[in-house]
Amino acid sequence: MSNRIALVVLLLAVTAACGSPSAGQGADLRGKVYVSSSVTEQGQPRAMVEGTRVELRFTDDGRLLARAGCNQMQGPVELDGGKLSVTDLGMTAMGCPKPELHQQDDWLSKLLGATPSWKLDGTNLVVSGSNAEIVLAPEQPATLEGTWTVNGLATRDAVSSVPAGVKVTITFKGGNMMVDTGCNMNGGEKPYQLDGQTIKAKLGPTTLKGCGPVDEVENAVRATFENGEATHEIDRATLSLTNASGAGLKLGK
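These numbers come from a predicted model, not from an experiment.

Parameters at a glance
Residue positions within a chain follow its written sequence, with the count starting from 1. Side-chain atom pairs in this predicted model are given and counted only at pLDDT of 80 or more, local residue features only at pLDDT of at least 70, and totals for whole chains, interfaces and linings cover all residues. To obtain the side-chain values, all non-hydrogen atoms of the structure were used and water was disregarded. By definition, disulfides here are pairs of cysteine sulfur atoms that lie within 2.5 Å. Numbering goes from the N terminus for both helices and strands, where a helix is a DSSP run of H or I of at least four residues and a strand is a run of E of at least two. Note on exposure labels: buried denotes an accessible area under 20% of the residue type's maximum, exposed denotes more than 50%, and partly exposed covers the range between, all computed with a 1.4 Å probe on protein chains only. Any two residues whose heavy atoms approach within 4.5 Å are treated as being in contact. For this analysis, a nonpolar core means a set of buried residues of the types Ala, Val, Leu, Ile, Met, Phe, Trp, Tyr and Cys, connected via side-chain atoms within 4.5 Å. Strand pairing is defined by DSSP finding a minimum of two bridges between the two strands. Residues adjacent in sequence count toward polar contacts only when both atoms are side-chain atoms; beyond that, a polar contact is any pair of N or O atoms within 3.5 Å, and within protein one must be able to donate a hydrogen and the other to accept it. Between Lys or Arg on one side and Asp or Glu on the other, a salt bridge is scored when a side-chain nitrogen of the former is within 4 Å of a carboxyl oxygen of the latter. Aromatic contacts are taken between Phe, Tyr and Trp rings whose centres are within 6.5 Å, Trp giving its six-membered ring; a plane angle under 30 degrees counts as stacked, one over 60 as edge-to-face, and the others as tilted. Whether a charge lies above a ring is judged from NZ of Lys or CZ of Arg, which has to be within 6 Å of the ring centre and within 35 degrees of the ring normal.

It is worth spelling out the state of the cysteines at this point. A complete count under the given rule lists 2 disulfides for this structure. Cys70 shares a disulfide with Cys96; S-S distance 2.0 Å. Classification of the bridge connecting Cys70 and Cys96 rests on its S-S torsion, roughly -105°, and on that basis the disulfide is left-handed. Here Cys70 is found in the loop between strand E4 (63-67) and strand E5 (72-78), whereas its partner Cys96 is found in the loop between strand E7 (90-91) and helix H3 (99-113), with 26 residues between them in sequence. Classification of Cys96 as buried rests on a relative accessible area of 12%. With a sulfur-sulfur separation of 1.3 Å, Cys183 is cross-linked through a disulfide to Cys211. Here the residue Cys183 occupies a position in the loop between strand E14 (176-180) and strand E15 (186-195), and Cys211 occupies one in the loop between strand E16 (198-201) and helix H4 (214-224), the gap between them amounting to 28 residues. Cys211 matches Cys183 in its accessibility class, with the two residues each being buried. Indicated for the chain is the disulfide connectivity 1-2, 3-4, based on numbering the bonded cysteines in sequence order.

See below:
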């Protein structure tokens, strides 16, 4: 009899393991970002605004950050029992350039607020509910290699935007760094070395002609590498370059 009882207990345990995701599996999502590879509604592909996608970011402290192309939503998230439950889901109130973006925000907000189901299908995350299903793949982390555009000038306490109409890029390729401001710094290659999080590079002399609003960004670039090195940190598609005093640059791909 005891053997039969043990067999029943074992079968129940196996059944539970093959059912809905457990709290342990939910913990696997923490610290990860997923981006949509397909979105369907009523069994048909949902038309997303061109250039947009659904992004779900699960923070290490148990919150969900979500985007559908414009505003950001966030709130504490529970993942027990195969359900994605977000309490107090809040959303920024940024004015979107297209009404369709507002509609996408509302659609995603309602989906997440209705406690949808979730599961892992291989490495993909599948969220389904309200006659909709989103398949999301893990976001691939950005690497230093490639071209980055300066979009913020940082001090120890604040970040200011780049002057309107100014485009400054920094390219890291094959051990060389190229700064292109369209003015004094025009893309000449300078060797750099990567030592952990530290980028070691000397910009060298450049011309010093006045270039209007570009001057502010060029000065910030020079200051960032003033001592021949800057600390770098990559958070998703944002690169931060910081000098010893805490000032530096914010760049995006």
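Take the environment of Thr231 next. Mapping Thr231 onto the fold places it in strand E17 (residues 229-235). According to the relative accessible area criterion, Thr231 is partly exposed, its value standing at 41%. In this structure Thr231 touches Gln197, Thr198, Ser240, Leu241 and Thr242, once residues within four positions along its chain are discounted.

Phe172, Met177 and Leu249 are the most contacted members of the largest nonpolar core, which has 28 residues in total. Residue assignment for this core shows that the elements contributing at least two residues are strand E11 (146-154), strand E13 (169-173), E14, E16, H4, strand E18 (238-242) and strand E19 (248-252). Examining the composition of this core, we find that 4 residues originate from one element, H4, more than from any other. With residues near it in sequence (within four places) discarded, Phe172 still touches Leu144, Glu145, Gly146, Trp148, Met177, Tyr192, Ile199 and Leu239.

Here we come to the pairing of strand E3 (residues 55-58). Note that strand E1 (residues 32-41) and E3 share 4 bridges and pair antiparallel. Bridge assignment links Val33 to a residue of E3, and that residue is Arg57. By the bridge criterion, 4 bridges tie E3 to E4 in an arrangement that is antiparallel. Residue pairing across strands places Leu56 opposite Ala66, the latter belonging to E4. Hairpin geometry of E3 and E4 is characterised by an intervening segment of 4 residues between the two adjacent antiparallel strands and by a positive phi of about 85° at Gly62.

By the element assignment, Gln104 lies in helix H3. Polar side-chain contacts of Gln104 include one of 2.6 Å to the backbone nitrogen of Val49. Sequence-distant contacts of Gln104, defined by excluding residues within four places in its chain, comprise Arg46, Ala47, Met48, Val49, Thr52 and Ala68.

Side-chain pairs of opposite charge can arise whenever the charged atoms involved come near each other. Here the structure, examined in full by the defined rule, presents 9 salt bridges. Of the charged contacts in the structure, one is a salt bridge between Arg46 and Glu41, with a shortest N-O distance of 2.8 Å. Through salt bridges with shared partners, one network takes in Arg53, Glu55, Glu139 and Arg236.

Moving on: the packing of aromatic side chains. Across all of its chains, the model carries 2 aromatic pairs by this definition. On the numbers, 6.3 Å between centres and 80° between planes, the contact of Tyr34 with Phe58 is edge-to-face. Of this pair, Tyr34 sits in strand E1 while Phe58 sits in strand E3, and the two are 24 residues apart along the sequence. Per residue, the accessibility class of Tyr34 equals that of Phe58, and both read buried. Relative to Tyr192, the ring of Phe172 lies with its centre 5.3 Å away and its plane at 80°, an arrangement referred to as edge-to-face. Highlighted residues: Phe172 in strand E13 and Tyr192 in strand E15, separated in sequence by 20 residues. As far as the burial class goes, Phe172 and Tyr192 line up, both buried. A cation over a ring is seen here: Arg46 above Trp107, with NZ or CZ 4.3 Å from the ring centre.

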